[in-house]
Amino acid sequence: MSKPKKVPIVQGTRVVAPVPAMPANPTGSTAWLANVPGLFIRQRMEVMEALTGCETRNRYDIIRLLERPSAQLSSDYLYAAGLRAEASANPLLKAKERSDCCERVCCPLFRGFTMDFIDARGTPFFSLERPFVCEPCPCWPCYSCHSQRLSMNDKDGALLATAHEPAYGCGCTCERSFFVEDPSGAQVYRLAADDCSARSGGCSNFCAPSCCNETFDVDVFTPGGEYINTSTFVWPGCNCGGLTERSNLIAAFPEGASTDERAALIAGLMLVEYTVMEKKRQQDGGGGGGGGGG
């Protein structure tokens, strides 16, 4: 006789899934990323930004996924699975951008920043650093002059991974490519963020994420070009989060990936967040779509 399937505990209208304790991180290692299928990264709504339109410092809450999503991703799934509620009430890690106000307001798409990811006790687990690189022709992916970069370090400052979007020559395409490398410079993944389509087919990323098309897929490939899996930015639904366009990212780890490779994927996805999704938020001007969350 097979064992009954374990289901989440329902409390009122909220679905609460039991979360295993996160191991200590005394050496700054990536061991805490083991044995989990992915992370849910939720950007918190900034009231001042919503009211004034001025870019404020991004803040994020992170929880670990207990299992790979079995249902089609949508705003309804975020609530039914309890992901948004859990990230808000009991995040495993929190992060807040530290950046220059002038760069955020005048150059939000390529502003520099540092960001520490810490637990509830203030223990750092890793950090992100993005240098300010002024781009005079930000016409990604058709043309740009400079590469955009981001690095991830452990709590002791040792390099874990780097991600970069190369400068583009003249062309006509919808796909932006991001290359993720380990500390030795060897490529680990290539991420494809296409404004038109993805591996899911058709015009699957067109006008996404928004109320018209709720999911924006970022496809992950090996250095040799073989497709691995997809991570997804999901629109949060018709609420204050949707109106102020914050990010809800379901980051799916490749099966069999080492913990360092999983950390590298997060680095690449965070560069996508600060370039592709930030551009969508700027284009939408605070209303109705692009990057949803909150």
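Residues numbered from 1 in each chain as written. Predicted model: local features only at pLDDT ≥ 70, side-chain atom pairs only at ≥ 80, totals over all residues. Heavy atoms only, no water.

Trainee: Is there a simple way to think about the nonpolar core in this case?
Mentor: Soluble, globular proteins show a tendency: their nonpolar side chains are buried together. Counting residues in each nonpolar core, the largest one holds 47 residues, and the members touching the most others are Phe117, Leu191 and Met270. At twelve residues, the largest contribution of residues to this core is made by helix 6 (residues 259-284). With residues up to four places along the chain from it excluded, the contact list for Met270 reads Ile41, Tyr60, Phe117, Leu128 and Leu150. Among the nonpolar cores identified, the runner-up in size contains nine residues, and Leu78, Leu83, Ala87 and Ile250 belong to it. (Core = buried A, V, L, I, M, F, W, Y, C linked by side-chain atoms within 4.5 Å. Buried < 20%, exposed > 50% of the residue type's maximum accessible area, 1.4 Å probe, protein only. Helix = DSSP H or I, 4+ residues; strand = E, 2+ residues; numbered from the N terminus. Contact = heavy atoms within 4.5 Å.)

Trainee: I'm lost on the side chain of Gln148 in this one. Help?
Mentor: The topology assignment puts Gln148 in strand 8 (residues 148-154). Side chain to side chain, Gln148 and Arg130 meet in a polar contact 2.7 Å long. At 3.3 Å, the side chain of Gln148 and the backbone oxygen of Val133 are in polar contact. (Polar contact = N/O pair within 3.5 Å; in protein donor to acceptor, adjacent residues only side chain to side chain.)

Trainee: What is the right way to look at the state of the cysteines in this model?
Mentor: Should the sulfur atoms of two cysteines be covalently bonded, the bond is a disulfide. Applying the stated criterion across every chain, the model contains one disulfide. As a non-bridged cysteine, Cys137 has Cys145 as the owner of its nearest cysteine sulfur, 4.2 Å distant. On the basis of relative accessibility, which here comes to 28%, the residue Cys137 falls in the partly exposed class. (Disulfide = S-S within 2.5 Å.)

Trainee: Whenever I open this one, the sheet that holds strand 12 (residues 215-221) confuses me. Can you help?
Mentor: Two modes of strand pairing occur in sheets, parallel and antiparallel, and in both the strands are linked by backbone hydrogen bonds. Pairing is antiparallel in the closed barrel, where twelve strands are placed in the order 3-4-5-6-7-8-9-10-11-12-13-14. Pairwise comparison of adjacent strand axes, ignoring direction, gives a mean angle of 20 degrees for this sheet. Pairing analysis gives six bridges linking strand 6 (residues 113-118) to strand 7 (residues 124-130), with the strands arranged antiparallel. From the neighbouring strand, Asp116 faces strand 7, where its bridge partner is Ser127. (Pairing = 2+ DSSP bridges. Axes fitted to C-alpha atoms, helices over the stretch in contact; angles between N-to-C directions.)

Trainee: Just to check I follow, could you spell out the environment of Asp119 for this structure?
Mentor: Relative to the helices and strands, Asp119 is located in the loop between strand 6 and strand 7. Among the residues examined, Asp119 registers a relative accessible area of 7% and is labelled buried. Measuring from C-alpha to C-alpha, the distance between Asp119 and Ala95 comes to 8.9 Å, with 24 residues separating the pair along the chain.

Trainee: I'm lost on the pairing of strand 10 (residues 175-181) in this one. Help?
Mentor: Across a regular strand the side chains alternate sides, sitting on one face of the sheet and then on the other. Looking at chain direction, strand 9 (residues 159-165) and strand 10 are connected through three bridges and run antiparallel. Looking across to strand 10, one finds that Thr162 is bridged to Glu181. Of the pairings in the sheet, the one linking strand 10 to strand 11 (residues 187-194) comprises seven bridges and is antiparallel in character. Within strand 11, the residue paired with Phe178 across the bridge is Leu191.

Trainee: I would appreciate a short explanation of the environment of Leu73 in the present structure.
Mentor: Turning to its location among the elements, Leu73 is positioned in the loop between strand 4 (59-64) and helix 2 (75-80). Along the backbone, Leu73 and Thr215 are 142 residues apart, and their C-alpha atoms lie at a distance of 7.1 Å. For Leu73, the residues in contact, after removing those within four places along its chain, are Thr215, Thr232, Val234 and Ile250.

Trainee: Help me understand the pattern of salt bridges, please; the structure alone is not making it clear to me.
Mentor: Taken as a whole and assessed by the stated rule, the structure comprises twelve salt bridges. Notably, a salt bridge pairs Arg68 with Glu255, separated by 3.9 Å at the nearest N-O pair. Of the two residues, Arg68 sits in the loop between strand 4 and helix 2 while Glu255 sits in the loop between strand 14 (248-252) and helix 6, which places them 187 residues apart along the sequence. Residue Arg176 is joined to Glu165 by a salt bridge in which the shortest nitrogen-to-oxygen separation is 2.7 Å. On the criterion of sequence distance, the pair formed by Arg176 in strand 10 and Glu165 in strand 9 is long-range, its members being eleven residues apart. Across the pair, Glu165 and Arg176 agree in class, each one buried. Where salt bridges share partners, they join Glu97, Arg111, Glu273, Glu278 and Arg281 into one cluster. (Salt bridge = Lys/Arg side-chain N within 4 Å of Asp/Glu carboxyl O.)

Trainee: Which parts of the structure should I look at to understand the pairing of strand 12?
Mentor: Among the seven residues in strand 12, seven count as buried, and that is most of the element. Taking every second residue as pointing to the same face, both faces of strand 12 are buried, with Thr215, Asp217, Asp219 and Phe221 on one and Phe216, Val218 and Val220 on the other. Looking at chain direction, strand 11 and strand 12 are connected through four bridges and run antiparallel. Note that in strand 12 the partner of Ala192 across the bridge is Asp219. In terms of strand pairing, strand 12 meets strand 13 (residues 227-234) through seven bridges, oriented antiparallel. If you follow Thr215 over to strand 13, its bridge partner there is Val234. Where strand 12 folds back onto strand 13 in an antiparallel hairpin, the turn is made up of five residues, including Gly225, whose phi is positive at roughly 95 degrees.

Trainee: For this particular structure, what's the right way to read the environment of Phe233?
Mentor: With respect to the secondary-structure elements, Phe233 resides in strand 13. A relative accessible area of 2% places Phe233 in the buried class. Discounting residues that sit within four places of it in the chain, Phe233 has contacts with Pro209, Glu214, Thr215, Phe216, Val218, Ser247, Asn248, Leu249, Leu269, Val272, Glu273 and Met277.

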